Amino acid sequence: MAEPLAPAVITPARADDRVRVVDLFAEDLTDLHLPVDPVALGRVFDELIGDARSVVLVARTAQDAAAAGVLVASRVPSVKFSGWSLWIEELYVGKTERQRGMGRALVEALLLFARDGGYAGIDLEAYHGNAPAALLYRNLGFRRLGRERFYYRLEWEREDGAP
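Residues numbered from 1 in each chain as written. Predicted model: local features only at pLDDT ≥ 70, side-chain atom pairs only at ≥ 80, totals over all residues. Heavy atoms only, no water.

1. Section: the sheet that holds strand S3 (residues 67-78)
Stage number 1. Strand order in the open sheet made by the five strands is S1-S2-S3-S4-S5, with mixed pairing throughout. A strand with exactly one partner marks an edge of an open sheet, and here the two such strands are strand S1 (9-12) and strand S5 (121-124). For this sheet, the mean inter-axis angle between neighbouring strands, taken without regard to orientation, is 30 degrees.
Stage number 2. Alignment of strand S4 (residues 83-93) against S5, held across four bridges, turns out to be parallel. In the sheet register, Trp87 faces S5, and the bridge partner there is Asp123. (Pairing = 2+ DSSP bridges. Helix = DSSP H or I, 4+ residues; strand = E, 2+ residues; numbered from the N terminus. Axes fitted to C-alpha atoms, helices over the stretch in contact; angles between N-to-C directions.)

Following this line, the structure appears as C-alpha cells:
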C-alpha cells in the first residue's frame, strides 16, 4: 500500500484545472475501454464547471498542486429520496495517487456539501467488480441497492443505422 499523504486538499474545480481533469477523465475512460475524445471531454468540463446543477470537486496533494482526483455529481430531484439529491457520475483518482485517501476525501467532502445543503441523499453506481470502490462506499455508510444499470449511446444509431 502507498504511503499515506497529508490530508488531501479538496476544492471546487477551477478553469485552470481543465487540462489535468480532462486527463483524469481520459484515463478513466481508457481503463473502461471506452472511446476518448479529449476535445469533447474539455467541452464537458467547461459545461460542468459552468452549470449550477453540477458539483465538481478535485483532490490535491497541496493547495497549489494539480488535481490528483476528481468527483463529479449532479443535483437532481429524486423520487427515491423524496427531495433533492446528488448523483455521483464520476469518482476517479489518478493511478499514482491511489490508496492514499483521496477518493475517500472527495466523497466525504460531497457528504458534507449534501448535509450542509439540505439534500435528501446521494446516489451512485460503481462498476461491477470494483472492490475498492464498493469497500469505500460501504465504509462511508452507503448501502447497496439491488439494481442493474444499462446505457444507450445515441452514436450507435448513427454507426449502425439501428439500435
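Picking up after the structure, the text goes on.
2. A few points about the pairing of S1
Within a regular beta strand, the side chains point alternately toward one face of the sheet and then the other, so they alternate between its two faces.
Stage number 1. Only one face of S1 is covered, namely the one carrying Val9 and Thr11; the face carrying Ile10 and Pro12 has none of its residues buried.
Stage number 2. Note that S1 and strand S2 (residues 54-60) share four bridges and pair antiparallel. Among the inter-strand pairings, Pro12 is bridged to a residue of S2, identified as Leu57. (Buried < 20%, exposed > 50% of the residue type's maximum accessible area, 1.4 Å probe, protein only.)

3. Overview of the pattern of salt bridges
Stage number 1. Applying the stated criterion to the full structure yields nine salt bridges.
Stage number 2. Here Asp123 ties to Lys80 by a salt bridge, and the two come within 2.6 Å at their closest N and O atoms. Separated by 43 residues along the polypeptide, Asp123 in strand S5 and Lys80 in the loop between S3 and S4 bring together distant segments of the chain.
Stage number 3. According to the relative accessible area criterion, Asp123 is buried, its value standing at 16%. (Salt bridge = Lys/Arg side-chain N within 4 Å of Asp/Glu carboxyl O.)

4. Examining the packing of helix H3 (residues 102-117) against helix H4 (residues 131-139)
Two numbers describe a pair of packed helices, the interaxial angle and the distance between the axes.
Stage number 1. H4 packs onto H3 with a crossing angle of 40 degrees between their chain directions and a minimal axis gap of 11 Å. In terms of their interaxial angle, H3 and H4 are classed as oblique. H4 is crossed by H3, and the crossing has right-handed handedness. Of the residues in H4, those touching H3 at Gly103, Arg104 and Val107 are Leu136, Tyr137 and Asn139.
Stage number 2. Residue classes in the contact of H3 with H4 are distributed as three nonpolar, two polar and one charged. (Parallel < 35°, antiparallel > 145°, perpendicular 65-115°, else oblique. Left-handed = near helix turned anticlockwise from the far one by under 90°. Contact = heavy atoms within 4.5 Å. Nonpolar A, V, L, I, M, F, W, Y, C, P; charged D, E, K, R; others polar.)

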